[in-house]
Each structure stands twice: as C-alpha cells, then as structure tokens.
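Here are the chains, one letter per residue:
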Amino acid sequence: MDIQQQLTKTISNAFQELFDHTLDPKTFSLQATRKEFSGDYTFVLFPFLKITKSAPEASGAKIGAYLQEKLPEVASFNVVKGFLNISLSAAYWTEVFLQLIEAEDPGSFPAKGRKVMVEFSSPNTNKPLHLGHLRNNFLGFSVANILEAYGYEVIKANLVNDRGIHICKSMVAYEKLGENASPESAGLKGDHLVGKYYVLFDQEYKNQIKKLIAEGMTEELAKKEAPWMKAAQEMLVKWEAGDPHTVDLWKKLNNWVYQGFDETYRSLGVTFDQYYYESDTYLLGKDIVNEGLEKGVFFKKENGSVWADLSSAGLDEKLVLRADGTSVYMTQDMGTADLKYKDHGIEKSVYVVGNEQDYHFEVLFSIMRLLGRPYGEGLYHLSYGMVDLPSGKMKSREGTVVDADDLIQEMVDTARDHTQELGKIEGFTQEEAEALYQMLGLGALKYFLLKVDPKKRMLFNPQESIEFQGNTGPFIQYTHARIAAILRKASQIELDFSAKSCAPYTDLQDTERVLIFHLTDYRNKVGMAAEELSPAVIAQYLFDLAKDYNRFYAELPIFSETKAEVQAFRVALSAQVAKTIRSGMKLLGIDVPEKM
RNA sequence: GGUCCUGUAGCUCAACCGGAUAGAGCAACUGCCUUCUAAGCAGUAGGUUUCAGGUUCGAGUCCUGACAGGAUCACCA
C-alpha cells in the first residue's frame with residue numbers, strides 16, 4: 001500500500017472515530033500540495049464540514065493530529081483556510097528514494113497479457129510525407145511505446161493507401177511527361193519524384209478545366225470531362241481489371257515511393273510490426289454487408305444500395321455499399337477491422353487519424369458494435385488536430401506544405417550551427433558530432449510536436465517554433481548530458497553511490513525532497529499517458545523534472561561536499577533523474593546524449 | 001443550416017477531470033560562469049481565462065445562450 005492509500009484510509013478512520021461517520025476512502029482523493037505552501041499532500045476539508053460540524057481550522061487540526069498520531073510517516077501538518085497540508089518526514093522520503101533506485105525500470109508496469117494494435121502513419125503513396133504526417137507518426141510511435149510500458153503487447157500497424165485515384169493521377173502525369181525518368185536519373189528520392197508528377201497532374205488538370213470553361217462548359221462538367229481526369233479514371237478501372245501494363249507502372253511508382261518512405265522512417269526512428277496495403281484490403285467488407293442485412297443492422301434501398309441506420313446511436317444513415325455493388329471507404333474499413341482482429345486477436349485498437357475523420361470513425365465504431373464484434377468496445381480513435389502554418393492550412397497541391405525530409409534536414413542544420421556556435425564539440429569525432437546534431441534536431445522536432453495535447457490543433461512557425469531553450473527537447477537532453485558528466489566524474493573517483501552508502505544521509509533539502517516526490521510520480525504519469533493516449537503528459541512531466549533538477553544542480557554542490565553520504569546521495573539522486581529522463585524520452589521516441 | 005472540436009499573458013502552451021493567490025517557455029528587462037556543462041539558475045514585468053447568465057461552500061474546468069475560428073455533413077478517399 002502506498003502512502004496516498006495509507007493516508008486516505010487513515011483519514012477515513014479518523015472520520016469514523018472522531019465524527020462517527022463512515023467515509024469510503026474511494027470517494028475522495030488527496031492532491032499534491034501547491035508549492036507556495038508547506039506540505040506534501042493536501043486534504044480539502046470543505047466538502048466535509050457538514051460532517052465534522054466545526055469550522056475548517058478546527059476540523060483540520062483534529063484530523064491532522066489523528067494522522068500524526070497514527071502514521072509515523074506524518075511529520076507535521078498545517079491548516080490554511082479549508083486545506084489540511086500534510087508533511088511527510090525526511091526519513092520517509094529517503095526511504096522511498098532508496099527503494100526507487102533499486103527498482104528496474106521506473107516506468108514499466110507488469111504485463112497485462114492483452115494485445116493492442118496502434119495504427120498510424122498510413123500514408124498515401126502519391127506524394128512525400130509532410131509536417132502533418134510527422135505529428136501522426138510521432139504520436140503513433142510514442143503512444144505505442146507508452147502502451148507497451150503500461151503492460152500491453154503492442155502491434156504497430158501501417159495501413160498503406162497504395163491504390164485509388166490519387167496514385168493514378170501521378171501515373172497519368174508520369175506516363176505523359178515522365179520520359180522514363182527514375183529516382184536515379186532525376187536525382188530525387190522516389191517519393192519526391194512521384195510527388196512531382198502528382199503536382200504536375202494538378203497543374204495540367206487545372207489548365208484543362210480553364211480551357212473547357214472558356215469553350216463554354218460549366219465548371220462542374222469541365223472537372224469531369226478534363227482529358228487527364230478521364231485518363232486517371234480509366235487507369236483506375238484498368239488497374240482494378242488487372243491490366244498488366246497498368247499494374248506494372250503502378251508497381252514501379254509505388255516501389256520508388258516505398259524506398260523514399262523507408263529512408264524517411266529510418267531518419268525518424270519509426271518502425272512498424274505489420275504493414276497492411278489497401279490494394280489487398282479494398283475488397284474486404286462485402287461479406288459484412290450481407291451479415292449486417294441479416295442482422296437487421298443495415299437495410300437496402302430501392303436502387304439496391306445498402307445503408308446503416310444509426311439513429312439508435314444518435315447518428316444518421318450511412319452508405320455501406322453502392323447501388324452498383326461496389327464498396328466505399330466504410331465497407332473496406334469494416335473488413336479491415338475484422339482482419340486486424342483475425343490476424344492478432346487484439347482487444348483494443350487505436351486508430352491514429354486526424355480529427356477531420358471524427359465522424360467517419362464514430363460511424364465505423366458504432367457499426368462494429370451494433371454487429372456485436374468482440375473488440376467493439378476496444379475501438380478508439382486517437383483524433384489529433386491539424387498542424388497549421390502561420391500562412392494557414394497546408395495544401396499539398398498548392399505547394400504550401402512543409403516537406404518532412406526538408407524539415408528534418410533544417411532541424412539538423414540548425415542543431416549543427418547552434419552547437420558549433422556554443423563551441424561544444426570538443427573531443428567529438430566527425431561521426432559523433434553528426435550523430436549528436438541528428439539527435440538534437442530530431443529531439444527538438446519530436447518534442448515540439450508531442451508536448452501539445454494531441455486533440456488540439458497547433459501552430460507551427462518554421463522560423464520561430466523550433467528552439468533549443470526552455471520547454472524543448474534539447475533542454476531535457478542537455479539536463480541528461482549534465483548528469484552524465486557527473487556520473488563520469490563519480491566513476492572516475494570511484495565513488496560508491498549505492499543505496500547503502502546514501503542511507504546515512506538524513507538532512508534532506510527542499511529541492512531534493514521535491515525531486516524525490518517528482519520521481520515517485522513517474523509511474524502515475526505513464527499510467528495517465530496510457531489511459532489518455534497522450535504523450536503530452538510525459539513531455540510535460542519530463543520538462544518539470546528537468547527544471548527541478550537544474551535548480552538542484554545550481555543550488556547544491558556535490559563533489560565539494562565533505563561527507564561521503566552527501567556525495568553518494570546526490571550522485572544517486574542525479575543518476576535516478578537521468579534514468580527517468582532516459583525512460584521518459586524513450587517513450588516519446590527521443591534519444592538522449594551523454595555529452596552535448 | 002445540422003453536428004462535433006477549439007477559445008487561457010504580446011506569441012506558443014500548462015493547469016493532476018470542481019479546490020488555495022491561474023502556471024511554464026519564448027520575446028523584454030535585472031542579476032549569477034575561479035566550482036560537477038550558462039543549451040543553465042534566480043528575479044522583475046505581463047491576466048476581467050472571448051462575452052453574458054446559471055449550478056454551489058468554491059468555476060478556466062460543469063449547464064444554457066451569444067461571439068470568433070476550425071472540421072464534418074458525397075453512391076470521394
């Protein structure tokens with residue numbers, strides 16, 4: 001039983017003995033005492049004044065005295081207005097700390113024996129990744145790490161959207177203008193090359209529309225009748241029919257794109273356990289349409305189209321099969337949901353997809369639940385907000401996107417400039433220096449995108465957004481590097497900082513107590529992040545921890561202390577902070593350096 | 001127009017699901033490198049939490065209604 005549980009239980013006992021009232025410990029909780037007051041945990045008295053039948057001060061004093069008497073860990077208490085602030089003894093905190101440093105990984109939970117799939121990234125194969133995809137990739141990867149630490153067996157899945165009208169557009173433009181160019185001949189990454197033809201398609205398409213309108217056609221009609229659009233649609237039909245030439249072209253372009261994506265994923269440090277391709281899954285789900293009709297979840301209209309009636313779930317009707325018997329997006333997603341379950345027996349499934357698809361997933365999940373799927377209750381849409389630029393929304397076709405590869409390069413370059421300016425690369429080999437720039441640049445980028453609550457839209461200003469000071473990845477990385485230097489020195493002078501050598505230290509300072517309090521909170525934060533599917537919880541935590549550590553670092557000396565146990569304790573405390581930073585940053589997908 | 005999301009310092013974000021005097025970072029200003037890394041630390045200044053009501057011991061947080069921004073409402077994906 002941890003101290004919070006002991007405190008709530010004892011408070012409950014206090015109500016029984018002092019006020020003859022039964023108070024369930026589960027019905028109230030303690031909060032951390034705000035730092036401007038003295039104490040560790042605070043019990044809010046206001047809701048209970050009717051029970052105690054006395055003023056807040058008197059009630060608090062009685063309960064406080066009771067706690068102090070019953071629990072040796074309670075050193076003192078004070079009552080300010082309606083708040084009972086409880087201070088725990090230094091002995092308690094040192095004891096907690098000593099237990100903590102002997103534990104293995106500070107943030108891991110016992111295995112639950114349950115599986116969860118996290119689907120993220122899921123790119124279209126007609127263009128390179130951009131800033132929006134980065135938020136998606138970092139979120140998905142981090143959430144997968146967090147769920148794993150929380151005890152789930154996690155399968156990271158990438159559902160690649162490799163077929164459809166979008167890739168046909170690139171194919172048409174390539175065939176007309178490509179002159180057999182290849183990534184090698186064009187000197188472009190594969191995904192960038194294919195993306196180039198996607199943009200070219202759109203330019204030519206717009207010209208064709210303009211021309212048709214000038215010839216007297218309505219805009220609506222012109223959009224359908226433009227020659228290239230018709231060509232793209234024909235190509236899609238041919239692809240579905242398995243026309244060899246079309247399929248070859250499709251394979252060629254997609255393979256180039258995959259090579260490009262692989263390179264980008266590698267520099268992002270993102271990996272997957274399972275790839276799904278829409279070219280394999282786009283026909284799935286039709287059997288579920290029949291099942292739904294039988295179960296009365298779907299109904300057929302006169303023209304033969306099939307709909308889901310979701311009025312019971314507060315939604316309207318939704319098409320699941322066209323009149324001509326072809327499937328829509330929803331059909332395929334129903335089939336894929338079943339496929340995921342069939343492949344992995346997952347109980348929980350997280351879809352990392354932008355909030356523009358909120359309605360789609362609400363409908364999909366409702367359908368799967370109405371169909372009585374065993375995994376229905378475990379479906380979760382991690383809906384994240386768009387990343388805006390100062391100029392507004394990003395649009396691929398209008399060239400207002402921030403390209404992922406360019407951005408990463410820029411970040412690494414900035415890290416290089418900044419580091420060299422500070423003159424901090426003494427003793428680094430060329431390779432080590434480059435690895436450091438990579439680590440810092442990516443750390444800054446990942447942290448920037450992860451520190452914000454996922455569901456909120458966020459603003460990215462390429463000139464200003466990425467900093468290396470304050471609430472940033474490099475700040476936390478720097479804190480780790482500082483501690484690493486202390487540990488190097490400790491090992492150099494062969495300092496023993498095992499639990500045993502720290503134990504005699506009793507004169508705990510405020511900044512030290514705050515740090516221990518923080519360190520013990522890490523597990524809770526991992527749990528919270530897992531339940532909310534929010535890496536931002538971890539990011540915020542790490543920043544606070546690093547900040548508290550830097551204060552400690554500035555205020556208290558280590559190696560100039562004369563007493564061995566003080567040195568040992570402070571080095572051990574530093575080591576534990578470093579361990580926690582490393583663990584937390586790993587959950588975010590960020591590496592930390594030994595020197596910077 | 002219907003539905004959903006968001007609105008907190010000049011800017012970017014927090015606030016442990018209703019608790020104390022709403023906190024950080026950036027930008028501005030003032031101090032601190034003869035000590036374990038100054039990518040740091042300490043401090044000053046900056047707020048009618050978009051607005052108006054309501055619920056209660058207590059509201060940035062819950063409810064209602066405005067206002068502003070965004071998303072979505074295809075036999076598109």
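Residues numbered from 1 in each chain as written. Chains lettered and ligands numbered in written order. Predicted model: local features only at pLDDT ≥ 70, side-chain atom pairs only at ≥ 80, totals over all residues. Heavy atoms only, no water.

Structural notes on the overall build of chain A
Threshold: Runs of E in the DSSP output that reach at least two residues are strands. Runs of H or I that reach at least four are helices, and both are numbered from the N terminus. The classification of residues rests on relative accessible area computed with a 1.4 Å probe and restricted to protein chains. Under 20% of the type maximum is buried, over 50% is exposed, and intermediate values are partly exposed. In what follows, a contact means two residues having at least one pair of non-hydrogen atoms within 4.5 Å. Areas reported as accessible are Shrake-Rupley estimates using a 1.4 Å probe. Residue values count occlusion only from the protein chains shown. Only four residue types enter the tally: Lys and Arg on the positive side, Asp and Glu on the negative side; His and the chain ends are excluded. To locate a charge, the coordinates of NZ of Lys, CZ of Arg, CG of Asp or CD of Glu are taken.
Along its length, chain A carries 23 helices and 14 strands. For chain A, the spread of C-alpha atoms along the principal axes amounts to about 90 × 65 × 40 Å. Within the span of chain A, comprising 596 residues, buried residues form 52% of the whole. A separation threshold of at least 6 residues defines the contact pool for chain A, and within that pool the share at least 24 residues apart is 74%. A total of about 28200 Å² of accessible surface is found on chain A, and carbon and sulfur atoms cover 50% of it. When the 66 positive and 83 negative side-chain charges of chain A are each reduced to one mean point, those points stand 3 Å apart.

Thoughts on the sheet that holds strand β2 (residues 41-44)
How we decide: Each pair of strands is called paired provided DSSP finds at least two bridges between the two strands.
If you walk across this open sheet you meet the four strands as β1-β2-β4-β3, and the pairing is antiparallel. Looking along the sheet, the strands with just one partner apiece sit at the ends: β1 (31-32) and β3 (74-80). Sheet analysis places β2 next to strand β4 (residues 83-88), joined by four bridges and oriented antiparallel. If you follow Val44 over to β4, its bridge partner there is Phe83.

Overview of the domain arrangement of chain A
Condition: An automatic or database domain assignment is the source of the domain bounds shown.
By domain assignment, chain A separates into domain 1 (3-88), domain 2 (164-271), domain 3 (286-326) and domain 4 (404-588). Averaged C-alpha coordinates put domain 1 and domain 2 at centres separated by 68 Å.

A word on the packing of aromatic side chains
Aromatic rings in a pair are described by how distant their centres are and how their planes are angled relative to each other. The condition is simple: Two aromatic rings from Phe, Tyr or Trp, using only the six-membered ring of Trp, form a pair when their centres are within 6.5 Å; if the ring planes differ by under 30 degrees the pair is stacked, by over 60 it is edge-to-face, and anything between is tilted. In this analysis the charged atom, NZ for Lys or CZ for Arg, is taken to sit over a ring once it is within 6 Å of the ring centre and within 35 degrees of the ring normal.
Inspection of every chain in the model, using the stated rule, returns 35 aromatic pairs. Relative to Phe43, the ring of Phe28 lies with its centre 5.4 Å away and its plane at 65°, an arrangement referred to as edge-to-face. With Phe28 in the loop between α1 (3-19) and β1 and Phe43 in strand β2, the pair connects residues that are 15 residues apart, well separated along the chain. Taken as a pair, Phe28 and Phe43 share a single burial class, namely buried. Geometry around Tyr553 places Arg482 over its ring, the cationic atom sitting 3.9 Å from the centre. Above the face of the Phe428 ring, Lys595 is positioned so that its terminal group lies 5.8 Å from the ring centre.

So, the packing of helix α21 (residues 522-532) against helix α22 (residues 535-555)
Cut-off, in case you're wondering: All axes are obtained by fitting lines to C-alpha atoms, using only the stretch in contact for helices, and the reported angles, taken between N-to-C directions, cover 0 to 180 degrees. Under this scheme an angle from 65 to 115 degrees is roughly perpendicular, one under 35 degrees roughly parallel, and one over 145 degrees roughly antiparallel; angles in between are oblique. Under the grouping applied here, Gly and all other residues not named as nonpolar or charged are polar, the nonpolar ones being Ala, Val, Leu, Ile, Met, Phe, Trp, Tyr, Cys and Pro and the charged ones Asp, Glu, Lys and Arg.
Two elements in contact, α21 and α22, have axes whose closest approach is 7 Å; the angle formed by their N-to-C orientations is 155°. Regarding the angle of α21 to α22, the classification is roughly antiparallel. Every residue of α22 that contacts α21 at Tyr522, Lys525, Val526, Met528, Ala529 and Glu532 is listed here: Val537, Ile538 and Tyr541. Looking at the contact of α21 with α22 residue by residue, the classes come out as seven nonpolar, no polar and two charged.

Focus on the pairing of strand β12 (residues 379-384)
Look at any regular strand and the pattern is simple: side chains alternate between the two faces of the sheet. The test is simple: When the strands point away from the viewer and the connection leading from the first strand across the helix to the second strand turns clockwise, the crossover is called right-handed.
Burial runs high along β12: five of the six residues are buried. Pairing between strand β11 (residues 348-354) and β12: six bridges, direction parallel. Bridging across to β12, Tyr351 finds its partner in His381. The parallel pair β11 and β12 is bridged by helix α15 (residues 358-370), and the resulting crossover is right-handed.

Concerning the sheet that holds β12
An order of β7-β6-β5-β11-β12 is seen for the five strands of this open sheet, with the pairing classed as parallel. Edge positions in the sheet fall to β7 (274-277) and β12, since each of these pairs with one other strand and no more. Strand-to-strand twist across the sheet, computed as the mean angle between neighbouring axes with direction ignored, equals 25°. Sheet analysis places strand β6 (residues 153-160) next to β7, joined by four bridges and oriented parallel. In the strand pairing of β7, Val160 is matched with Tyr277.

What to know about helix α11 (residues 244-268)
Operational definition: In this scheme, a helix's expected span is set at 1.5 Å multiplied by one less than its residue total.
End to end, α11 covers 35 Å across 25 residues, agreeing with the expected 36 Å (1.5 Å per residue, within 8%). Positive backbone phi, approximately 75°, marks Gly269, located one or two places after α11.

Some details on empty space enclosed by the protein
Picture a little ball the size of a water molecule; that probe, rolled over the atoms, points out where space is still empty. Counted only if it meets this: Here a cavity is any set of points on a 1 Å grid over the protein atoms alone where a 1.4 Å probe fits but cannot get out, and a pocket is any open set with protein on both sides within 12 Å along at least 5 of 7 lines; a residue lines the site when it has an atom within 4 Å of a point. Grid points are joined across faces, edges and corners, and a volume is the space filled by probe spheres set on the points.
With the rule as written, the count across this model stands at one cavity of 30 Å³ or more. The space that makes up the largest cavity amounts to roughly 30 Å³. Looking at the lining of the largest cavity residue by residue, the class counts come to four nonpolar, four polar and two charged.

Quick look at the protein's contact with RNA strand B
Note the threshold: Put simply, a residue is near a molecule or strand once any heavy atom of it comes within 4 Å of that molecule or strand. Identification of polar contacts relies on pairs of N or O atoms within 3.5 Å, with a donor-acceptor requirement for protein atoms, meaning one able to donate a hydrogen and the other able to accept it, and with residues adjacent in sequence counted only if both atoms are side-chain atoms.
Not every one of the 67 residues close to RNA strand B is listed here, only the nearest: Asn303, Arg322, Lys424, Tyr478 and Arg482. Near-protein atoms of RNA strand B (within 4 Å) split between backbone and bases, with sugar and phosphate holding 62%. Contact distances for RNA strand B include 2.8 Å between a phosphate oxygen and a side-chain N or O atom of Arg34. Here a phosphate oxygen of RNA strand B sits 2.4 Å away from a polar atom, N or O, in the side chain of Arg482. Those elements giving two or more residues to the surface near RNA strand B turn out to be β2, β4, α16 (404-422), β14 (458-459), α18 (473-492), α21 and α22. For the surface near RNA strand B, the class distribution of residues is 32 nonpolar, 15 polar and 20 charged.

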